[in-house]
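Reading the structure
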Protein chains: 2
Amino acid sequence: MAEDVFKALADPTRRRILDELVERDGQTLFEICARLATKHGLGLTRQAIGQHLVVLESAGLVRSRRQGRYKFHDLNTEPLELIVTRWLRPDAPEGTP
Amino acid sequence: MAEDVFKALADPTRRRILDELVERDGQTLFEICARLATKHGLGLTRQAIGQHLVVLESAGLVRSRRQGRYKFHDLNTEPLELIVTRWLRPDAPEGTP
DNA sequence: ACAATAGGAAAGTGACGACTTACCTATCAA
DNA sequence: TTGATAGGTAAGTCGTCACTTTCCTATTGT
């Protein structure tokens, strides 16, 4: 849903996470925590980042694959292209007949 | 800057307002109120819509021009294009998982 | 087995945001 | 001027969201 995508993008920490995944795909939760702390100075707990990842995954912006005790997260830009065409292309076939 | 744009897009009512302005540019506050009420069944007060327009204008998504006692609102899609290119990798192949 | 590691799932708190109510200013028509 | 229209602003309420704390499950290494 578009609602979930926009709400997911509303938080600056979640946007930072997307930035991290653009730079290097397939990171684990602990890796994301470490990089956010060192590169951006974000002093958030692991649980907080984990909750953000849940939101991003529910919005379809992040896909995760489990491998043993590791869970790797990949960026999925597909929902982004959908929300853009809503206002950038006025003559696109809209869902409102 | 980008923060304001994402926060502005986070609210469904504000996205509806953008939809309305895509369909017909240069509407006044009362026109937007009427169309949101009739077409989308939104029972919001004029003040609420006015506050949303302030948010949209602060984000640069809406430009307004005053003319007498009327204030016309125009859509500005420029901030949208900026936020899209942030995560959409330009040289990524189409079917990359 | 045991402990360390990677992750998940609660409840609780504090702050921010959306909305209403009420009141106020400015412009136009009679 | 008077009254109607178009818009602006402030206080207050209520819900939502981000975050922490605490505790729990699952996998791996020794």
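Read on for a plain summary of the structure. Every chain begins its residue count from 1, and numbering advances along the sequence as written. All chains are assigned letters beginning at A, and all ligands numbers beginning at 1, according to the order in which they are written. The predicted nature of this model means local features are confined to residues of pLDDT at least 70 and side-chain atom pairs, given and counted, to a pLDDT of 80 or more, with totals for whole chains, interfaces and linings taken over all residues. The side-chain figures draw on all heavy atoms in the structure; neither hydrogens nor water molecules are used.

Looking now at the interface of chain B and chain A. We call two residues in contact when some of their heavy atoms are within 4.5 Å. Taken together, the contact pairs 19 residues of chain B with 20 residues of chain A. With both sides pooled, the region where chain B packs onto chain A buries about 2,000 Å², and carbon together with sulfur makes up 64% of that total. Here a salt bridge means any side-chain nitrogen of Lys or Arg lying within 4 Å of a carboxyl oxygen belonging to Asp or Glu. Taken together, the connections running from chain B to chain A amount to four salt bridges. Counted as a polar contact is a pair of N or O atoms within 3.5 Å, where, for protein atoms, one must be capable of donating a hydrogen and the other of accepting one, and residues adjacent in sequence contribute only when both atoms are in side chains. Joining chain B to chain A, the criterion identifies six residue pairs in polar contact (both at pLDDT 80 or more). A run of DSSP states H or I qualifies as a helix once it reaches four residues; a run of E qualifies as a strand once it reaches two. Both are numbered from the N-terminal end. For the side of chain B that touches chain A, the secondary-structure elements that each account for two or more residues are α1 (2–9), α2 (12–23) and α5 (78–84) of chain B. Counting residues per element, the side of chain B that touches chain A draws most heavily on α2(B), which supplies six residues. Residue classes follow a fixed rule: Ala, Val, Leu, Ile, Met, Phe, Trp, Tyr, Cys and Pro count as nonpolar, while Asp, Glu, Lys and Arg count as charged, and any other residue, Gly among them, counts as polar. Partitioning the side of chain B that touches chain A into residue classes produces 10 nonpolar, one polar and eight charged. Take the accessible area each of two parts loses on contact, using a 1.4 Å probe, and add the two losses: that sum is the buried area.

A separate point is the relation of the copies chain B and chain A. When the copies are overlaid, the least-squares fit takes in C-alpha atoms only where the residue has pLDDT of at least 70 in both copies. When chain B is fitted to chain A, the residual RMSD is 0.1 Å, and the transformation amounts to a turn of 180° plus an axial shift of 0.0 Å. The transformation relating the two chain copies, once decomposed into turn and shift, fits a two-fold axis. Of every C-alpha in chain B, the one belonging to Ala10(B) sits nearest the axis of rotation, 2.9 Å from it. An overlap of 95% is found between the interface residues of chain B and their copies at the interface of chain A, pointing to a shared contact surface.

The subject of this paragraph is the pattern of salt bridges. Evaluation of the coordinates by the stated rule reveals 22 salt bridges over all chains. A salt bridge links Glu3(B) to Arg15(A), with the nearest nitrogen and oxygen atoms 2.5 Å apart. Of this pair, Glu3(B) sits in helix α1 while Arg15(A) sits in helix α2 (residues 12–23), on two different chains. To sort residues, take the accessible area from a 1.4 Å probe on protein chains only and compare it with the maximum for the residue type: under 20% means buried, over 50% means exposed, and anything in between is partly exposed. Taking the relative accessible area as the measure of exposure, Glu3(B) reaches 27% and is therefore partly exposed.

In this section: the protein's contact with DNA strand D. A single heavy atom is enough: if one lies within 4 Å of a molecule or strand, its residue is considered near that molecule or strand. Contacts to DNA strand D come from 23 residues, most closely from Arg14(A), Gln47(A), His52(A), Phe30(B) and Lys71(B). A share of 66% is what sugar and phosphate atoms reach among the atoms of DNA strand D within 4 Å of the protein. Gln51(A) has a polar side-chain atom sitting 3.1 Å from a base oxygen of DNA strand D. Here Phe30(B) contributes a backbone N or O atom positioned 3.2 Å from a phosphate oxygen of DNA strand D. For the surface near DNA strand D, the element with the most residues is helix α4 (residues 46–58) of chain A, which contributes four residues. The class makeup of the residues in the surface near DNA strand D is five nonpolar, 10 polar and eight charged.

Let us now look at the packing of aromatic side chains. All names here are of chain A. The criterion for an aromatic pair is that two Phe, Tyr or Trp rings (for Trp, the six-membered ring) have centres within 6.5 Å, with stacked assigned to planes under 30 degrees apart, edge-to-face to planes over 60 apart and tilted to the rest. Within this structure, the stated rule accounts for four aromatic pairs over all chains. Seen in terms of ring centroids, Phe6 and Trp87 are 5.8 Å apart; in terms of plane orientation they differ by 45°. Their pairing is tilted. Of this pair, Phe6 sits in helix α1 (residues 2–9) while Trp87 sits in helix α5 (residues 78–88); the two residues are 81 residues apart in sequence, bridging distant segments of the chain. Comparing Phe6 with Trp87, the two get one shared label, buried. Taken together, a centroid distance of 6.2 Å and an interplanar angle of 20° make the contact between Tyr70 and Phe72 stacked. On the basis of relative accessible area, Phe72 is assigned to the buried category, the value being 19%.

DNA strand C sits among 23 residues. The nearest are Phe30(A), Lys71(A), Arg14(B), Gln47(B) and His52(B). Each atom of DNA strand C within 4 Å of the protein was classed as base or backbone; sugar and phosphate made up 65%. At a separation of 3.4 Å, a phosphate oxygen of DNA strand C approaches a polar backbone atom of Leu29(A). At the level of elements, α3 (29–40), α4 and β2 (70–75) of chain A together with α2 and α4 (46–58) of chain B are the ones that each hand at least two residues to the surface near DNA strand C. Tallied by class, residues from the surface near DNA strand C come to five nonpolar, 10 polar and eight charged.

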